[in-house]
Amino acid sequence: MDWSHYRFVSTWDLPAPPAVVYAHLERVEHYPRWWPQVREVTSADESSGTARIRSLLPYTLVVTLRARRRDVPGGVLEVSLTGDLDGWARWTVEPDGAGSRATYEQEVVVRRGLMRVLAVPGRPVFRANHALMMRAGRRGLAARLEAV
């Protein structure tokens, strides 16, 4: 097993129709406005950019995102990730009652040196850190959607 390999799945139930949720998730450059751990997103062009992410642990991850799939009717947004993390991330937005369910999937290999060295003993902490980040993101987006 490669201890630096991670697969995450998070589900967010949100109080807005799928098209509205998709539109917010599609605007990655606005994530820092509602997702506290996404500290900065800088666009390179229409399909790529760089994100600086920092959660509870005292390190910042820097990743380059490149659009891989943008399927508005299917509610799918997918990017490739390179940098401190290499892999991919995908949002799938579906109707759920009066709102939406957004499923986030991510499969990455950690490239950042210290995180690779701490891969075995740090794994539970890294996973918990990711869970806290995702929880804060859901709360931030839900609050933004309710304010609109």
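In this text the structure is predicted, and so the values were computed from the model without any measurement.

1. Some remarks on the overall build of the chain
Scanning the chain from N- to C-terminus turns up four helices and seven strands. Over its C-alpha atoms the chain spans a radius of gyration of 15 Å, differing by no more than 12% from the 15 Å that the globule rule assigns to 148 residues. For the chain, the proportion of its 148 residues judged to be buried stands at 45%. Sequence separation of 24 or more characterises 52% of the internal contacts of the chain that already satisfy a separation of 6 or more. As presented, the chain carries roughly 7,900 Å² of accessible surface, and 54% of it is formed by carbon and sulfur atoms. Distance from the positive charge centre (21 side chains) to the negative charge centre (16 side chains) of the chain: 6 Å.

2. Here's the deal with the nonpolar core
Formed by 37 residues in total, the largest nonpolar core has its most connected members in Trp12, Leu14, Val21, Leu25, Trp35, Trp91 and Ala102. Among all residues touching leucine 14, those that are not within four sequence positions of it are Val21, Gly99, Ser100, Ala102, Arg138, Leu141, Ala142 and Leu145.

3. Side note on the pairing of strand E5 (residues 76-83)
Note that strand E4 (residues 61-71) and E5 share eight bridges and pair antiparallel. Opposite valine 63, over in E5, you have glycine 83 as the bridge partner. What sits between the antiparallel neighbours E4 and E5 is a turn of four residues, in which glycine 75 has the positive phi angle 70°. Sheet analysis places E5 next to strand E6 (residues 85-96), joined by six bridges and oriented antiparallel. If you follow valine 76 over to E6, its bridge partner there is threonine 92. Counted along the chain from E5 to the antiparallel partner E6, the turn is one residue long.

4. Quick look at the side chain of serine 48
As for its position among the elements, serine 48 is in strand E3 (residues 48-53). Filtering out sequence-adjacent residues up to four positions away, serine 48 remains in contact with Ser43, Leu65 and Arg66.

5. Focus on the sheet that holds E3
Taken together, the seven strands give an open sheet; going across it, the order is E1-E7-E6-E5-E4-E3-E2, and neighbouring strands pair in antiparallel fashion. The two strands at the open ends of the sheet, each matched to only one other strand, are strand E1 (5-14) and strand E2 (38-45). Averaged over all adjacent pairs, the angle separating strand axes in this sheet is 20°, with direction ignored. Docked against the sheet, helix H1 (residues 18-26) engages E1, E4, E5, E6 and strand E7 (99-110), running at close to 160° with respect to E6.

Definitions and limits used
Residues numbered from 1 in each chain as written. Predicted model: local features only at pLDDT ≥ 70, side-chain atom pairs only at ≥ 80, totals over all residues. Heavy atoms only, no water. Helix = DSSP H or I, 4+ residues; strand = E, 2+ residues; numbered from the N terminus. Rg over C-alpha atoms; globule rule 2.2 N^0.38 Å. Buried < 20%, exposed > 50% of the residue type's maximum accessible area, 1.4 Å probe, protein only. Contact = heavy atoms within 4.5 Å. Areas by Shrake-Rupley, 256 points an atom, 1.4 Å probe, with all protein chains shown as cover. Lys, Arg positive; Asp, Glu negative; His and termini not counted. Charge placed at Lys NZ, Arg CZ, Asp CG, Glu CD. Core = buried A, V, L, I, M, F, W, Y, C linked by side-chain atoms within 4.5 Å. Pairing = 2+ DSSP bridges. Axes fitted to C-alpha atoms, helices over the stretch in contact; angles between N-to-C directions.

Geometry only, nothing functional implied.
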